[in-house]
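One-letter residues, chain by chain:
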Amino acid sequence: MADKGIVFDVQRYTIHDGPGLRTELFLKGCPLRCQWCSNPESWAPAIEWGAYQSKCISLSKCGLCTPACPVKGILNFKRDKLTAIDNSKQVDYTDCEKACPADAIKQWGKTMSVSECMTIICKDKSYYEQSGGGVTVSGGEALLQSEFVLSLFKACQKEGIQTCCETTFYADWKKVEALIPYTDIWISDIKHMDPMIHRQYTSGDNKIILENLKRLTDLKQELILRIPVIPNVNDDRTNIEATADFILNELHGRVRTLQLLSFMRLGVEKYQSLNIPYGMEGIELDREAFQEHVAEIAAYFNRRGIHCLVGTKEQEDTKE
Amino acid sequence: MSNTHTTAIGTEPFDKTYGIGYQVHHTDWSPFSRVNKLRQDFLDRSYDIDVERLRLVTESYQAHQTESKKMQCAYAFENVLLNTKLYIYDQDLIVGEIAAPAKAAPIYPEFSVNWIIDEILNSPFEEREHDKFFIRNDEERQEILDLCKWWQGKTVDDRLQASLDEDQLKGSEVGEKIFQTNLYHYAGVGHLAIDYKNLMKVGYVGLIKEAKKHLAALSKRDPEWAAKRDFYQAMIIMHEAARTYIKRYAKLAMATAKETTNQQRQTELEEMAANCYQIADGTPKTFWQALQLFNIATALIQVESNGHSISYGRMDQWLYPYYEADMKKATLTKDFALELLEVEYVKMNNPTKLKDQGSMAVRNGRGFGGESLTIGGVDRDGNDATNDLTMLMLEGSAHTRMMNPWVCVRMHENTPYELKMKVVECIRAGYGHPKLYNDAPAIKAMMRKGMTLAEARDYCVVGCVELSLPGKEYGWHDAAYVNTPKMMEMVLNGGRSFNTGKQLGPDTGSLDTYTSFDEVLASVDQQFEYWTDQMCSSLNIIDALHRELKPLPYVSAFFGDCMDSGKDLTEGGAKYNGIGPQASGTATCADSLATIKQLVFEDKYCSGSELLQAIKDNWEGHDVLYAMVNSSKVHHYGNDDDYADELFKYMFECYCRHITGRKNLRGGDFRPGVYSVNANVAMGMNTHASADGRKKGEAISDNMGPVHTDAGSHDICGPTALVNSLAKVDHSLATNGTLMNLRFPQDAVAGIQGRNNLLSFIDAYIAKGPMHVQFNIMSSETMRAAQKKPEDYKDMLVRVAGYSAYFVELGKPLQKDLIQRTELSF
C-alpha cells in the first residue's frame, strides 16, 4: 500500500462533487486527454510548475528565480515577465518557486502522506457531520494512484468519514474492486458512446470505461453519473439515445443521479501557464440557447425514467 | 437532522424560498398592498432637516434658565410633545413619529451645534457626496443658524473640547484619530433596550403612579433628596406629556376619519384612535395596541435624545402574550398580525439622524441605525423560546427588505430545524438580514459582566452586535472606534506618527531597535496601555458631561432600577453599567506581527530597519518585499494556520485585557468589543502603510475578518479554514461583542443542496463557538461591479465542479460567461 501520493490541490469546502460539505483532493496524472478538460495541470503524473505572468514582479526589479534555477537560461521572460515554464526537460524548479516572492510560480503537485492529508481532512470533520459530507478524491485520474487512495480511504473509514471517488474508470477493474469496500460513493462520467469519437476527443478507449461501469452497477454500488455536454461533440440525439439505452439496459438504471454538466470555457489560464495549447478555442457558443438544449436533454432522460438534472445537484430545486 | 419538532409556525411554509441573491427594483415584496405602498412612500420621501424640535427645545430652555438640568430637560420634552405638528400617513395603521415628519431629521442642540453651523456655512448638507440632507428653505436655514448660535458654549461638545488634555486630544478625533469618540461627543448615547414587558404590563399610567409613589416616599434626610425629587418630577412631567401626545394623535385620527369618504379607512382610523385612548389611559389589551404603545414609547426615546441603536429587545417574547390572547379569542388572524408587523417594520425606518461629517465617515447611513430586533434563543430556564412570532418576524423581514429592523436571530444547540430553515431562506434571499448570534458564547459574555445565568439568557442585541440586558443595562455600547493599526504604528516607529513624523506616544522602541520578537510584543502591550488610558479617560469625561448636561428621565422610567433608586440612567441608575469601545483592524495588527516575527526574527529575510523603511516609503521601490509580505509564503490569519492565528489571538486578548475592568463613573466598568462595522474603510484612509502589506489609505481589516490588501486576500483556504481560525479565540472575552461577515456566491447556496449546505455550515459554525455571523450572498451585479473594479474583489472565488478560480483572475469572456450562467440558474 502506498503511503504517499502526488496531490495537486486540496480544496476545503467543496460542494459539487458528492453530497454535503466536502474536502476534495485532486491527484496528479491522467491517462486521458479530453479536449475540454479544465485541469490540464492534472495530466502529467509528475510534479510540474506553471508561471503566472500577471503576478511576476519583473526580471529587472526582482529576478530572484533565475539565480535559484538549476539550469541556466531555461526560464523564459517576455517583456521582462516570466512566461510559461518548460516542463518537458525534467528540471526541478522547486528552488525557483521558493525564491519567488510573488506567488508567480505555482508548483502543480506535491508529495503528501496519508497522515498529512488526514490532518487537513479532519479539520473540517464537524462540517461533514452536519451536512452529510466527507472526502472526495478526484484528479487527474484518481485510480492512477489507487494504492494511495486505498490507504487514504481506509484511514477515512477509521475516522468515520464518508468517502467518494471521482474517476474516469479508465483503469484496470482490479483497482476498482480493491477500493469498493472503502468507497461510499462513486462519481464517473460517460463522455461518448461511440468508440471512435471517444478516442478522437479523449485519446482513450471507452470499452474499459463502460465495462467498469457495468461491473460496478452489477455490485449495486452508489453511483453518480455525469455527461459533460460538449456542443457538437456528444450532444446529438443519436449519442444521447445510446447513452440512455446503455444506462437502462447495461447499468440496470442503477444510477443515483445523472448530472449534465454544460460545457464551460474553464482552465484557459492554466493552459497558458503550462504552455499547452487549448483544444476548444474554436467553440462559439450562444449560452442561452445551449442551456436550453441541455435542459431538453435532461428532460429526455427523465422521460426515459432516468433521474437526470442539470448541474452537480442530486435534488430538483423547489420553485417559488 | 435533530430538532425536527416545533409548534411555531408563521403564515408561510417554513421552507418557503424567498429568492437567491438580492434583486433590485422590486416594489412588491410584501403580500400586503398596504405595506408595499407604505414602503414605496417611504422610499420616495426626501431626507429633510426639520427645525421644529430645535425651535421648541430652545424656546423652553430660554424660558427655564435657572431650573435644574433634569427639569429643563422635562420642560423641553413637554414643549415638543404638546406643540409639534402631527402626521398620520395614508393607509398607515400605527401612529407616532419622533416629533418630525417621517424621514426628516430633527436637531438636538443639547449635544452639539458647532458642526451644524460650520457645515451650513462651509460645506452644505445638500452638497455632501453621500448622506445628503435638505433644509427646506432659506428662512429655516437662517433660523437654524440663529438658534444654534444661542447654544454655543452650552453643549456637551463645547464643554468636552475644554476638558480634554493634550494627550487625549492628540489621540482623539480632533487629533490623529487613534481612537474616535465621535458618536457621544457630538450626539446622545442610546444603545439600549428598555423593559418592554413591564411597559406593556403597567402602561404610562402605571409608570407615572410608581414615580409618584417614590416621590412621596422621599426623605429630606437623604442628601440626594433634591436630585431625586427633580428626577421623579421630571419623569412625571415627561410621561404625562407622552399621554397628551398620544391623545393628540387620537384626536387627529378621529378628525381624519371624519374627513375620509372611504368606509374601510374610516373604520381603521377610528380603531387607531381607540387604540391611542386605550394606551394613553391604561394598558394595551390587543396585539395592535401593544404595537401602538411600542411605537410611541420607542419614538419618544428618540425625541428625548438622538442616541441611536434604540433596540427592541426580545420582541418575539415580550409581544407574544398579546398575540396569543388575540388568537385564542379569535379576534386576530395570522395574516393581520403579519400585516401589522410589516406596517411597523416600515415605520421603524422613519427616524432619521443628522450626523456630523466625521461620524458619517465612520458610520454611513441616514437612519438612526442599529435598531436591533432580537428573536429566538433560549428562555431564562434554558429552553428554546421559538414561537409563532419568531417565524412571522422573519417573514415580515423578507417581505419588507429595508434597513430596519436589524433582525437578529439567537441560535443555540436546540434551535428548531424549522426556524433554522427559515433563517437560511432569508439569508439566501441576499438582502442582508438576519444576523445570527450564538447563545453559548453570548451568555458566557453576559455572565462575565456579572449577571446571573437567568439574566444572561435573557440578553438581546443592541446596535450592531452589542449584548445588552433589556431594562437593566446601560452599556454605553459602541463608545469609540479604536484604530489598532495606528497603535501598531507607534510600536513600529518609536511612538511617532508616520503621517506627520511627530512624537505622539511614548517611545517604546522601533523596528530599528528591537532585538527579539518578545520586545516587539512588550512594546505592543505598552502602546495599547498608553492609548487605552487616553481613550478610556476621555470617555469618562464624556460620560460625566452627559450626566451633567443631558439627563434622561423619560427613558430612565423604563429601567426598574432607575425607578426604584431615584437615579437617572446617566447617574448610574441602571443595574448594569458599562462603556464599550471597540477595536478595529485586529487582523491588520496580527498579520503585521506575523510578518515581523517570520521575516525579521526567524527567516532573517530582511532586517527590521529594511521593513520599517519599506513601510515609511509606502512600499514604493520595495517591490520584492511588498510581494513577499502579501504572498502565501508568509503566515496569515484566516487560513487555519496556528502560527498566524496565535498572533490574532494575542492581539484580540491584548485589546480585551487593556479595556476589561477599567472603572467608569456609573459604578460599572469598561467592556471591550472587537468589531469595526464599516469604519475600517474610513480609518484606513487616514492610516499610513502597515507591515501586513497594506498601502497608505487602504482599508484596515474589517471586524474579526482577515486582511485583504490591494495585492491580494490573505485568507486563501476557504470558509471552513477561516471559521476555524476565528474559533480559536474566546469570543466571550469581548463582552461588548464581535462581528464576522462571510460572503458566499449565490452559486454556493442555490437549490435544495445549497440551502442544506448553508444550514449545515451554520450548525457547524454555532457549534464551534464564534459569537456572531452575517452572510453576504453575491449577485450578478456584484460580479459586474467586480469586473469594473477588480482590485476590490480579489478574494471572490467562483467554484465549479472540480475547478475553482478567482473570478478576477479569469479572462473577460469567461467572466461574462459565468455571469450569464449564474443568471440562468434561477
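Residues numbered from 1 in each chain as written. Chains lettered and ligands numbered in written order. Predicted model: local features only at pLDDT ≥ 70, side-chain atom pairs only at ≥ 80, totals over all residues. Heavy atoms only, no water.

By the naming in an unreviewed UniProt entry, chain B is Formate acetyltransferase 2, taken from Loigolactobacillus bifermentans DSM 20003.

Chain A carries the name Pyruvate formate-lyase-activating enzyme in an unreviewed UniProt entry, which gives Loigolactobacillus bifermentans DSM 20003 as its organism. UniProt's Catalytic activity (unreviewed entry) comment on chain A is quoted here verbatim: "glycyl-[protein] + reduced [flavodoxin] + S-adenosyl-L-methionine = glycin-2-yl radical-[protein] + semiquinone [flavodoxin] + 5'-deoxyadenosine + L-methionine + H(+)". Quoted straight from UniProt, the Sequence similarities (unreviewed entry) entry for chain A says "Belongs to the organic radical-activating enzymes family." (UniProt positions renumbered as here; feature names shortened; annotations may be inferred.)

**Overview of the overall build of chain A**
Regarding its fold elements, chain A presents 11 helices and 13 strands. For chain A, the C-alpha radius of gyration of 21 Å lies close to 20 Å, the compact-globule estimate for 320 residues. Summarising its shape, the C-alpha atoms of chain A cover approximately 65 × 50 × 45 Å along the three principal directions. Taking all 320 residues of chain A together, 56% fall into the buried category. (Helix = DSSP H or I, 4+ residues; strand = E, 2+ residues; numbered from the N terminus. Rg over C-alpha atoms; globule rule 2.2 N^0.38 Å. Buried < 20%, exposed > 50% of the residue type's maximum accessible area, 1.4 Å probe, protein only.)

**Description of the overall build of chain B**
Broken down by element type, chain B carries 34 helices and 21 strands. Relative to a compact globule of 826 residues, whose C-alpha radius of gyration would be 28 Å, chain B shows 27 Å and is just as compact. When its C-alpha atoms are laid out on the principal axes, chain B stretches across 80 × 60 × 55 Å. Residue burial in chain B is summarised as follows: out of 826 residues, 65% are buried. The positive charge centre, built from 89 side chains, and the negative charge centre, built from 111, are 4 Å apart in chain B. (Lys, Arg positive; Asp, Glu negative; His and termini not counted. Charge placed at Lys NZ, Arg CZ, Asp CG, Glu CD.)

**Here's the deal with the pattern of salt bridges**
Going through the model one piece at a time under the given rule, you end up with 66 salt bridges over all chains. Among the ionic contacts, a cluster of salt bridges with common partners joins R12, K123 and D124 of chain A together with D640, D642, D645 and K728 of chain B. (Salt bridge = Lys/Arg side-chain N within 4 Å of Asp/Glu carboxyl O.)

**Here's the deal with the sheet that holds strand 10 (residues 185-189) of chain A**
Residue and element names in this part refer to chain A. Across the sheet, which stays open at both edges, the nine strands sit in the order 7-1-2-8-9-10-11-12-13 with mixed pairing between neighbours. The open sheet terminates on both sides in strands that have one partner only, identified here as strand 7 (110-113) and strand 13 (308-310). For this sheet, the mean inter-axis angle between neighbouring strands, taken without regard to orientation, is 30 degrees. Taken together, the five bridges between strand 2 (residues 22-27) and strand 8 (residues 134-138) define a ladder with parallel strand orientation. Bridge assignment links F26 to a residue of strand 8, and that residue is S138. (Pairing = 2+ DSSP bridges. Axes fitted to C-alpha atoms, helices over the stretch in contact; angles between N-to-C directions.)

**Examining the pairing of strand 3 (residues 48-51) of chain A**
All names here are of chain A. Burial along strand 3 is two-sided: the face carrying E48 and G50 and the face carrying W49 and A51 are both buried. Pairing between strand 3 and strand 6 (residues 105-108): four bridges, direction antiparallel. Counterpart to G50 in the pairing with strand 6 is K106.

**Describing the side chain of R314 of chain B**
Residue and element names in this part refer to chain B. Looking at the secondary structure, you find R314 in the loop between strand 5 (310-311) and helix 13 (315-318). The class for R314 is buried, based on a relative accessible area of 5%. A distance of 3.0 Å separates a polar side-chain atom of R314 from the backbone oxygen of G376. Here V378 takes part through its backbone oxygen, which lies 2.8 Å from a polar atom of the side chain of R314. Beyond its immediate chain neighbours, meaning those up to four positions away, R314 contacts T374, G376, G377, V378, D379, A385, R410, R457, D458, Y459 and C460. (Polar contact = N/O pair within 3.5 Å; in protein donor to acceptor, adjacent residues only side chain to side chain. Contact = heavy atoms within 4.5 Å.)

**Observations concerning the packing of helix 10 (residues 225-259) of chain B against helix 11 (residues 263-281) of chain B**
Residue and element names in this part refer to chain B. Contact geometry of helix 10 with helix 11 gives a least axis separation of 8 Å together with a crossing angle of 165 degrees. On the basis of the axis angle, helix 10 is roughly antiparallel to helix 11. Of the two elements, helix 10 crosses helix 11, and the hand of that crossing is left-handed. Each of R243, I246, K247, Y249, A250, K251, A253, M254, T256, A257 and K258 in helix 10 lies in contact with helix 11, whose residues at this interface are Q266, L269, E270, A273, C276, Y277, I279, A280 and D281. In terms of residue class, the contact of helix 10 with helix 11 is built from 12 nonpolar, two polar and six charged. (Parallel < 35°, antiparallel > 145°, perpendicular 65-115°, else oblique. Left-handed = near helix turned anticlockwise from the far one by under 90°. Nonpolar A, V, L, I, M, F, W, Y, C, P; charged D, E, K, R; others polar.)

**Notes on the interface of chain A and chain B**
At the interface, 48 residues of chain A touch 47 residues of chain B. In total, about 4100 Å² of surface goes out of reach between chain A and chain B, with carbon and sulfur atoms giving 54% of it. One can count five salt bridges joining chain A with chain B. With a closest N to O distance of 3.8 Å, D640 of chain B and K123 of chain A form a salt bridge. Across the chain A-chain B interface, the total number found is 12 residue pairs in polar contact (both at pLDDT 80 or more). At the level of secondary structure, the elements contributing two or more residues to the side of chain A that touches chain B comprise strand 1 (4-14), helix 2 (94-99), helix 4 (125-131), helix 10 (268-274) and helix 11 (287-303) of chain A. Residue classes in the side of chain A that touches chain B are distributed as 14 nonpolar, 14 polar and 20 charged. (Buried area = accessible area lost by both parts, 1.4 Å probe.)

**Here we look at the UniProt feature "domain: Radical SAM core" (unreviewed entry) in chain A**
The UniProt record marks residues 16-302 of chain A with the feature "domain: Radical SAM core" (unreviewed entry), using the residue numbering of this structure. Between the C-alpha atoms that bound residues 16-302 of chain A there is a distance of 21 Å. The span itself is 37% helix and 17% strand.

**Focus: the domain arrangement of chain A**
Residues and elements named next belong to chain A. Looking at chain A, the domain boundaries give domain 1 (7-43 + 110-318) and domain 2 (48-108). Domain 1 and domain 2 are separated by 33 Å when their C-alpha centres are compared. Counting residues at the interface gives nine residues for domain 1 and 10 residues for domain 2. For the pair domain 1 and domain 2, the summed buried surface comes to about 820 Å²; carbon and sulfur atoms form 58% of the total. Scanning the region where domain 1 abuts domain 2 turns up one salt bridge. Note that E48 is salt-bridged to K28, the shortest N-O span being 2.7 Å. (Domains from an automatic or database assignment.)

**Let's talk about empty space enclosed by the protein**
Space left empty within the atom packing is revealed by a probe, the size of a water molecule, rolled over the atoms. All names here are of chain B. By the definition in use, this model includes 12 cavities of 30 Å³ or more. What the largest cavity holds in volume is close to 150 Å³. Elements with a contribution of two residues or more to the lining of the largest cavity: helix 4 (114-122) and helix 8 (182-186). Here the residues of the lining of the largest cavity sort into nine nonpolar, four polar and three charged. (1 Å grid on protein atoms, 1.4 Å probe; cavity = no way out; pocket = protein on both sides within 12 Å on 5 of 7 lines; lining within 4 Å. Points joined across faces, edges and corners; volume = space filled by probe spheres on them.)

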